[in-house]
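Fold and geometry: a report
The residues making up each chain are set out below.
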Amino acid sequence: MLKLLIVDDEQIERDGLQVILQKAFPDLEIHQARNGKVAVQVAAEVKPDLVMMDIQMPGMNGLEAIQQITSTDPFIKFVMITAFDMFDYARQAIKLGVKDYLLKPSRVSEIEETVGKVLMEIAEERRSLKVLESTLPLVETDVVTQLLFDHVHDGHLDMLVDMLDISSTHEPFVMSILLPQGEENLYSLIKEKVRKSASGWVGALYGRQLPIIVFRKPGSSFRSQAISLAKDILSLRKARSDDGWFIGIGNVCHSLDQVRQSYQESLIATMDSSLPVKYRFYHDVPVLGSTEDRPKSKQREKQFLDEIRLGKWDEVLKNVLSLIQRCENEGTDPLQTQQRVLELLWVAARVMNEMGMETETPFFSYQTQDYRQLRSESEHLFKQMRTSYEEHYDKLEADTIHQIKQYIVKHSHEDISLEALGRKVGLSPIYISKMFKEKLGINYIDFLTECRIEKAKKLMADPEKSLKEITFEVGYHEPNYFSKVFKKMVALSPTEYRRTVLGKKG
């Protein structure tokens, strides 16, 4: 039910307006205030959708009351009521966002038409907001996927980030959750825990792995906030110590541009999931089997993950053998080095799973006795993983990209997410994103946006269609957002572009 507040210092004016409006709009909930000061109080209590505000009142006038009300609730709409058709008042009112004005005395039909028009606008905005809210989970998973895996941070991504209702202004860090085998149904429960914390964005589930971008809250330490959220999530697990749950926590970054680094750190922190405490900070991961300084060792680990994603297996094996050689030169126990190599193998397997490649968790077939055996077995295991990687690429149909492109072109007006595309063609969202960059040289979201804008440009040639209709028809749910995207792509606002097109047509 919509709420209306009538503000006028004359009782007879307030009552007269209420009778007219209650008859025209019987579902409207109407309140009254006798002056500006009372209007501010009543607005704070009842939170009206629309205020009909008399301008000339003793004490606090209408414009002052509008300023105070909008300072606490900028979404309330106003219709100004005045006995004077004064330009200065009208100009100030427009600056304050007043939607329309009525001159005293007004005909009943004028009152009904003016108020009815604003009420329709409010109802339309509510419908748009509901549709937008239903699409936010899709936006959220796409934003996380692009930030962590796409190597892209452009204007379109900035606008998607703006649509999300969790502040991204504070330092981000990533938590990678490993779920037990067969417990993927816990995804929605974890998402609810993160939503209640009001501090993060949840990505898509890749096999058993679920990444979350968390934003440090002002006044909270990074470690205390991360531990609190980790414990909340782990409260969902069953009482078994070996159930497969584990959470890796990356370091805090200074911006979203650096969040991929925190993701890689969180992944490295999950390498040993047999620890009794089922979460670990990257900062607490020991540097095993090497006396080189910690930052250099950690940088090698991150480089290792990137090389696997890019399929640089010669480099991967070279770096693993180099690690083994360093450990041998430093006199590290071969069993300790074997454990370190095994951890790298596990991380490599998780990276391949996140890209949609089914691979067995690798294990050494024996406890190593010497470095010669360790080199031989390590080479064998990494070559097996390389074979799986290359076979996966070879199996892909040559027309997979074409199939995805055609699907996006045909369904661009729908809420297409990377997850939905993945289900359509049987590939992981990350892998689809990777293919777009490699095969087409374009980001997935950019391609979807281009399809929508091209369709919008064609529809604008029809003078019978309003820009609001076109907005919804091409797949956007908020006209202001559509206008921003259109102007970024075309260098003209929708109104300017349409004026050009219709002018040429004429």
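Computed from a predicted model, the values in this text were never measured in an experiment. Residue numbers here run from 1 along each chain, matching the order of that chain's written sequence. Restriction of local features to residues with pLDDT of at least 70 applies here, the model being predicted, together with a cutoff of 80 or more for giving and counting side-chain atom pairs; totals for whole chains, interfaces and linings are based on all residues. The basis for the side-chain values is all heavy atoms of the structure; hydrogens and waters are excluded.

**Details of helix H2 (residues 36-46)**
Classification of residues uses two cut-offs on accessible area relative to the type maximum, computed with a 1.4 Å probe and protein chains only: under 20% is buried, over 50% is exposed, and between them is partly exposed. Helix and strand definitions follow DSSP, with helices as H or I runs of at least four residues and strands as E runs of at least two, each counted in order from the N terminus. For H2, the full list of buried residues reads Gly36, Val38, Ala39, Val42, Ala43 and Val46. The buried residues of H2 all sit within an arc of 145° when viewed along its axis, so they share a single face. Exposed and oriented more than 90 degrees from the buried face of H2 are Lys37, Ala44 and Glu45. Working rule for contacts: check all heavy atoms of both residues, and any pair within 4.5 Å makes them a contact. The inward-facing, buried residues of H2 abut strand S1 (3-7), strand S2 (29-33), strand S3 (50-54) and helix H3 (62-72). As used in this structure description, the phrase polar contact means that two N or O atoms lie within 3.5 Å; if the pair is within protein, one of them must be able to donate a hydrogen and the other to accept it, and residues adjacent in sequence are counted only when both atoms belong to side chains. Its side-chain oxygen 3.2 Å from the backbone nitrogen of lysine 37, asparagine 35 forms the N-cap of H2. The directions from the helix axis to the C-beta atoms are what the arc is built from.

**Describing unusual backbone geometry**
Of note, lysine 47 is a non-glycine position whose phi angle comes to about 50°, a positive value. Tracing the chain through its elements places lysine 47 in the loop between H2 and S3. Residue lysine 47 is classed as exposed on the basis of its relative accessible area, which comes to 53%. Phi is positive for alanine 491, close to 70°, though the residue is something other than glycine. When you line up the elements, alanine 491 lands in the loop between helix H19 (479-490) and helix H20 (494-505).

**Some words on the sheet that holds S2**
At least two bridges found by DSSP between two strands are what make those strands a pair. Spatial ordering of the open sheet is given by S2-S1-S3-S4-S5, a layout of five strands whose pairing is parallel. Whereas interior strands pair on both sides, the edge strands pair on one side only; in this sheet they are S2 and strand S5 (100-103). Strand after strand, the sheet turns through a mean of 20° between neighbouring axes, direction not considered. For helices, the fitted line uses only the C-alpha atoms of the stretch in contact; every axis is such a line through C-alpha atoms, and the angle between N-to-C directions lies from 0 to 180 degrees.

**Concerning the pattern of salt bridges**
The working definition used for a salt bridge is a side-chain nitrogen of Lys or Arg within 4 Å of a carboxyl oxygen of Asp or Glu. Within this structure, the stated rule accounts for nine salt bridges. A salt bridge links glutamate 171 to arginine 216; the shortest N-O distance between them is 3.1 Å. A residue pair is termed long-range when its members are at least 10 positions apart, and glutamate 171 in the loop between helix H6 (155-163) and strand S6 (172-178) and arginine 216 in the loop between strand S8 (209-215) and helix H8 (222-234) qualify at 45 residues. One salt bridge in this structure joins glutamate 192 and arginine 195, with 2.7 Å as the shortest N-O distance. Pair noted here: glutamate 192 and arginine 195 are both in helix H7 (residues 187-197), with a separation of three residues, about one helical turn.

**Considerations on the packing of aromatic side chains**
Aromatic pairs are defined between Phe, Tyr and Trp rings, using the six-membered ring for Trp, whenever the two ring centres lie within 6.5 Å; interplanar angles under 30 degrees are classed as stacked, those over 60 as edge-to-face, and all others as tilted. On inspection of all chains with the given rule, the structure shows eight aromatic pairs. Aromatic pair phenylalanine 173 and phenylalanine 222: ring centres 4.8 Å apart, planes at 75°, arrangement edge-to-face. With phenylalanine 173 in strand S6 and phenylalanine 222 in helix H8, this pair connects stretches of sequence that are 49 residues apart. Neither phenylalanine 173 nor phenylalanine 222 differs from the other in exposure class; each is buried. Note on tryptophan 201 and phenylalanine 215: the rings are 4.8 Å apart at their centroids and 70° apart in plane angle, and the pair reads as edge-to-face. Residue tryptophan 201 is found in strand S7 (residues 200-202), and its partner phenylalanine 215 is found in strand S8; the two are separated by 14 residues along the sequence. For tryptophan 201, a relative accessible area of 1% puts it in the buried group.

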